[in-house]
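Structure at a glance
One-letter residues, chain by chain:
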Amino acid sequence: GHPSSTSPTVNWAGFELGLDLVMGDLAENPHPRGKVPCLTDQNGKIMVFENGPILQYLQDHYDKNLNEMQNFPSSSAEESAQITNWIEWASASLE
């Protein structure tokens with residue numbers, strides 16, 4: 001992402017999850033304001049923008065046991081709550 005963007009947090013999450021995130025063409029960025037970060041999934045059918053929602057989407061749909069993205073939430077309510085705490089902390093503290 002751009003040096004002044006908040007996308008390094010998303011890149012960090014992708015790295016930790018072992019995901020191969022690919023930077024798209026910024027001229028074709030689907031973000032409503034043309035900013036980064038912006039994530040598309042399922043061949044562009046899903047678009048999520050801004051750090052918190054992107055991190056939440058990755059958390060909800062990444063199956064660590066299968067090491068792949070799924071179309072359903074993959075964590076328990078307790079695990080989801082703990083991860084959401086860290087997502088909010090990262091959004092508030094690292095940006």
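Residues numbered from 1 in each chain as written. Predicted model: local features only at pLDDT ≥ 70, side-chain atom pairs only at ≥ 80, totals over all residues. Heavy atoms only, no water.

Turning our attention to the packing of helix H2 (residues 51–61) against helix H3 (residues 77–93). When two helices pack together, their arrangement is given by the angle between their axes and by how far apart the axes lie. As a packed pair, H2 and H3 sit with axes 10 Å apart at the nearest point and diverge in direction by 155 degrees. Comparing their axes, H3 and H2 come out roughly antiparallel. Helix-helix and strand crossings are classified by hand; for H2 and H3 the assignment is right-handed. On the side of H2, the interface is formed by Asn51, Gly52, Leu55, Gln56, Gln59 and Asp60, while H3 contributes Ser80, Ile83, Thr84, Ile87 and Ser91. Within the contact of H2 with H3, the residues separate by chemical class into three nonpolar, seven polar and one charged. (Axes fitted to C-alpha atoms, helices over the stretch in contact; angles between N-to-C directions. Helix = DSSP H or I, 4+ residues; strand = E, 2+ residues; numbered from the N terminus. Parallel < 35°, antiparallel > 145°, perpendicular 65-115°, else oblique. Left-handed = near helix turned anticlockwise from the far one by under 90°. Contact = heavy atoms within 4.5 Å. Nonpolar A, V, L, I, M, F, W, Y, C, P; charged D, E, K, R; others polar.)

Further remarks concern H3. Helical geometry note: an α-helix holds 3.6 residues per turn, so side chains three or four residues apart project in the same direction. A rise of 1.5 Å per residue sets the reference length of H3, with its 17 residues, at 24 Å; its end C-alpha atoms lie 24 Å apart and thus fit the reference within 8%. Turning to H3, its buried residues number three or more, namely Ser80, Ile87, Ala90 and Ser91. Within H3, the buried residues cover an arc of 95 degrees as seen down the axis, which keeps them to one side. The exposed residues of H3 that point more than 90 degrees off its buried face are Glu78, Trp86 and Ala92. (Expected span 1.5 Å × (residues − 1). Buried < 20%, exposed > 50% of the residue type's maximum accessible area, 1.4 Å probe, protein only. Arc of directions from axis to C-beta.)

Within the span of helix H1 (residues 7–17), buried status applies to Ser7, Thr9, Val10, Ala13 and Gly14. The buried residues of H1 occupy an angular sector of 155 degrees when projected down its axis, which confines them to one face. Facing away from the buried side of H1, by more than 90 degrees, are the exposed residues Phe15 and Glu16. Against the buried residues of H1 lie H2 and H3.

The omega angle of the peptide bond from Val36 to Pro37 is 5 degrees, so this bond is cis rather than trans. Even without a glycine there, the phi angle at Glu50 is positive, about 80 degrees. Mapping Glu50 onto the fold places it in the loop between strand S2 (46–49) and H2. According to the relative accessible area criterion, Glu50 is partly exposed, its value standing at 33%.

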